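Below are the chains, spelled out letter by letter.
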Amino acid sequence: MSQRYARIDGRIRTFIEQQPVFFTATAPLAADGHVNLSPKGRSGSLVVIDEQTLAYLDFGGSGAETVAHLREEGNGRITLMWCAFSGPPKVLRVHGTGEAVFRDDPRWSAYIGHFAEVDGPSARAIVVVHARRISDACGFAVPFMDYREERTQHAEHFGRKTDEEFAAYCAKKDHVGVSLDGLPALPLPLAARTDTV
């Protein structure tokens, strides 16, 4: 049976923090726009800020559809989803509104401090999600899958780049500055990191 929750605390928070992967979904306002669904990983890259707020690091390596949808005027809709691939069956969703906090935002320093375990220059934004609806579902149809370990390729690849090299990488990659639907995405040139994580 599904259940709604007023806040992200107790066993809901524990469940979120124990999952090695989550999914994020956004869409533009245009009816013919591309819906975006992305898997997210890397241990330590998602944090619960408080009972109504989560944040995760938006890394380089792909397009910037999520950022574009969150920046679109009148939009900002986002859903995060976790599945239990081991233990009791559960699917948890947080529907809410999101915002992208960029490197030159005065709030960057406060938010980036929550991600002390994650290093390297590849964080290009922090996605902050304000929960409006928190609910779970049975997850009976989700298969059991065994978690082995984190993949290290992303951290290793971008860990070899300087901040300037990472900015150049973002500037030449398709659909980073502009989304698939032509919406403004990541502001380019990428602002320099003034912090160390």
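### Looking at the overall build of the protein chain
Turning to step 1, where the next piece is worked out: The helix and strand inventory of the protein chain stands at five helices and eight strands.
Turning to step 2, where the next piece is worked out: Counting from the amino terminus, helix and strand elements in the protein chain follow one another as β-α-β-β-β-β-α-β-β-α-β-α-α.
Turning to step 3, where the next piece is worked out: In summary, the protein chain has a C-alpha radius of gyration of 17 Å against a globular reference of 16 Å for 197 residues, a match within 12%.
Turning to step 4, where the next piece is worked out: Dimensions of the protein chain along its principal axes, counting C-alpha atoms only, are 50 × 40 × 30 Å.

### Focus: unusual backbone geometry
Turning to step 1, where the next piece is worked out: Between L188 and P189 the backbone carries a cis peptide bond, its omega angle lying at 0°.
Turning to step 2, where the next piece is worked out: Mapped onto the fold, P189 is located in the segment after α5 (163-172).
Turning to step 3, where the next piece is worked out: Of note in the backbone geometry, R42 takes a positive phi value of approximately 65° without being a glycine.
Turning to step 4, where the next piece is worked out: Structurally, the position occupied by R42 is in the loop between β3 (36-40) and β4 (46-50).

### Here we look at the side chain of T26
Turning to step 1, where the next piece is worked out: Among the structural elements, T26 can be located in strand β2 (residues 22-26).
Turning to step 2, where the next piece is worked out: Polar contacts involving the side chain of T26 include one to the side chain of H69, which spans 2.6 Å.
Turning to step 3, where the next piece is worked out: The contact partners of T26, leaving out residues within four places of it in the chain, are V35, N36, E65, T66, H69, L70, R77 and I78.

### Let's talk about the pattern of salt bridges
Turning to step 1, where the next piece is worked out: On inspection of all chains with the given rule, the structure shows seven salt bridges.
Turning to step 2, where the next piece is worked out: As a salt-bridge pair, R103 and D163 come within 2.9 Å of each other at their nearest N and O atoms. With a gap of 60 residues between them, R103 in the loop between β7 (91-102) and α3 (108-112) and D163 in helix α5 connect regions that are remote in the sequence. Of the two residues examined, R103 and D163, each falls in the buried class.
Turning to step 3, where the next piece is worked out: For R107, the salt bridge is made with D105, and the minimal N-O distance between the two is 2.9 Å.
Turning to step 4, where the next piece is worked out: In this structure, a network of salt bridges that share partners links the residues E99, D105 and R107.

Conventions we followed
- Residues numbered from 1 in each chain as written.
- Predicted model: local features only at pLDDT ≥ 70, side-chain atom pairs only at ≥ 80, totals over all residues.
- Heavy atoms only, no water.
- Helix = DSSP H or I, 4+ residues; strand = E, 2+ residues; numbered from the N terminus.
- Rg over C-alpha atoms; globule rule 2.2 N^0.38 Å.
- Polar contact = N/O pair within 3.5 Å; in protein donor to acceptor, adjacent residues only side chain to side chain.
- Contact = heavy atoms within 4.5 Å.
- Salt bridge = Lys/Arg side-chain N within 4 Å of Asp/Glu carboxyl O.
- Buried < 20%, exposed > 50% of the residue type's maximum accessible area, 1.4 Å probe, protein only.

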